[in-house]
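Analysis of the macromolecular model
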Amino acid sequence: MINLGIIGCGRIVEEAHIHALIELKKLFRVVALADPSSQQLEKIAAMLEKAKLPRPALYTDYRKMLKTEKSLTTVDMALPHHLHHEGVMAAAAAGLNVFTEKPLAVNLKQADAMIAAMKRAKRSLIIFHNYLYIPAIARALELVRDGAIGKVFLIRNEGLGGGHWPGTASYDPAWRTKSAKAGGGCLLDNGYHHLYLCREFMGAKASQVYAVTRTYTRPITVDDTAVLLLSYKNGGTACVQTAWSIQGGAGYIHEIQGTGGTISFSQINPATGQMAPLALYTPKTAKWTFPSLGKRHGNPFTGFLADWGAKLDQWLAKGMKGAPPTNAPDARRNLETIEMAYKSSKAGKAIKL
Ligand SMILES: NC(=O)c1ccc[n+]([C@@H]2O[C@H](COP(=O)([O-])OP(=O)(O)OC[C@H]3O[C@@H](n4cnc5c(N)ncnc54)[C@H](O)[C@@H]3O)[C@@H](O)[C@H]2O)c1
């Protein structure tokens, strides 16, 4: 059982994390919550009580929570981007394991300091790469890894939306559009997910990025449109587009081309609410088939926390001996790609990673 404190109890906790943690109540015990907003604290505490779980201790200052709550082994952080660094550094100093929301940090300098601090503390650092647990994506990855489409050489990954996801009303709903709090725009916020998906589908790390990041339609201090052309160490290529600038929104498109077939699907289109199912074409069948998604958690946060929570729980049961479970190298790689994409856009040329 993982005794957990939540730091930052805004929209993503209210709409996703807490539902997953309630579903996984045999693995996680939410002991305490921290957020300067008493309204958010009360809301999340009420959700736990409604699920017949004990009322957690509430803190408006997470540092006080870290000092007071001796039973905590782990924190779940869902803070605005500019606070990820100070939150993880504080958790490392308190000797706690960390689940933190993406992106790991707003720049590589912060990320390296966080990874080093967690390594020194010999604690686990896990970043929410939850899109890997969206049922259609998880099944598509399984097919790719099983060799269903041969060697992947080309990926089209698009997430074109009409605006940013507003944060909770009691903090600053527009923090994502302000560079001082967000660190970057649609690329750092949403594009982050596309980049780890491309890496996993390609089965290789990115080696070069050419990017155009722009602010076309919104009066904001971060990018609302980003287009990336990526080369990978296995010779493959990916084209990633992400935006908050598209009138009507165009949804999420995933196309993975292999030497032995194609996988194609799309996720919710905000305009029509429709979604193209996971489809597989191979020359062997010479037609499109629609593989079943199998039995998976509908909430990708539940899938993510079940998987990484089980790894963390086993490591805790072994007295935290041996290497802690972590996906920090992947999260760092993702951030590096994004940092180099912004650099590429500024310089107007491709940048090697
Ligand atoms: N993985 C995903 O799919 C996904 C989806 C949405 C959001 N997120 C991530 O979750 C994080 C939070 O996003 P959100 O949409 O929930 O934002 P939000 O604005 O709704 O929530 C942020 C919360 O942090 C609190 N906060 C601010 N300063 C604090 C402090 N010093 N100590 C403790 N709490 C503090 C705010 O009061 C607010 O409740 C971001 O990193 C975002 O990128 C991830």
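Residues numbered from 1 in each chain as written. Predicted model: local features only at pLDDT ≥ 70, side-chain atom pairs only at ≥ 80, totals over all residues.

**Let's talk about helix H8 (residues 186–202)**
An ideal rise of 1.5 Å per residue puts 24 Å on 17 residues; H8 measures up with 22 Å between its terminal C-alpha atoms. Tyr192 marks where H8 bends most, by close to 45 degrees. Of all 17 residues in H8, 16 are buried, a share of seventy percent or more. Phi for Gly203, located one or two positions after H8, is positive at around 70 degrees. (Helix = DSSP H or I, 4+ residues; strand = E, 2+ residues; numbered from the N terminus. Expected span 1.5 Å × (residues − 1). Bend = angle between axes of the 7 residues up to and from the residue. Buried ≥ 20, exposed ≤ 12 C-beta atoms within 10 Å, placed from the backbone.)

**A word on the sheet that holds strand S2 (residues 28–34)**
Across the sheet, six strands lie side by side as S3-S2-S1-S4-S5-S6; this open sheet has parallel pairing. Strands at the two margins of the open sheet, each flanked by one partner only, are strand S3 (57–59) and strand S6 (125–127). Adjacent strand axes in the sheet meet at a mean angle of 25 degrees, parallel and antiparallel pairs treated alike. Bridge count for S2 against S3 is three bridges, and the pairing is parallel. (Pairing = 2+ DSSP bridges. Axes fitted to C-alpha atoms, helices over the stretch in contact; angles between N-to-C directions.)

**Notes on the sheet that holds strand S8 (residues 206–214)**
Strand order in the open sheet made by the nine strands is S14-S13-S12-S11-S7-S10-S9-S8-S15, with mixed pairing throughout. Because the sheet does not close on itself, it has two edges, and the strands there are strand S14 (287–289) and strand S15 (351–352). In the sheet, strand S11 (residues 251–258) pairs with strand S12 (residues 261–267) via seven bridges, with the strands oriented antiparallel. Following the sheet pairing, Glu255 is matched in S12 by Ser264. The sheet strands contacting helix H6 (residues 135–145) are strand S7 (152–160), S11, S12 and strand S13 (279–282), and the helix crosses S12 at an angle near 170 degrees. (Contact = placed C-beta atoms within 7 Å.)

**Describing the domain arrangement of the chain**
According to the domain assignment, the chain contains domain 1 (2–130 + 299–326) and domain 2 (132–297 + 335–352). The centre of domain 1, based on its C-alpha atoms, is set 26 Å off from the matching centre of domain 2. Contacts between the two partners involve 24 residues from domain 1 and, on the opposite side, 20 residues from domain 2. Sorting the residues of the side of domain 1 that touches domain 2 by element identifies helix H2 (38–50), helix H5 (108–121) and helix H9 (300–317) as the ones contributing at least two each. No other element matches H9, which puts five residues into the side of domain 1 that touches domain 2. The residue makeup of the side of domain 1 that touches domain 2, split by class, is 10 nonpolar, 12 polar and two charged. (Domains from an automatic or database assignment. Nonpolar A, V, L, I, M, F, W, Y, C, P; charged D, E, K, R; others polar.)

**Quick word on the packing of H8 against helix H10 (residues 328–347)**
Put simply, H8 and H10 touch, their axes get as near as 10 Å, and they point 120 degrees apart. In this view, H8 runs oblique relative to H10, as classed from their interaxial angle. Considering the relative orientation of H8 and H10, their crossing is right-handed. Within the contact between the two elements, H8 uses Leu187, Leu188, Gly191, Tyr192, Leu195 and Tyr196 and H10 uses Asp330, Asn334, Thr337, Ile338 and Ala341. Split into classes, the residues belonging to the contact of H8 with H10 amount to seven nonpolar, three polar and one charged. (Parallel < 35°, antiparallel > 145°, perpendicular 65-115°, else oblique. Left-handed = near helix turned anticlockwise from the far one by under 90°.)

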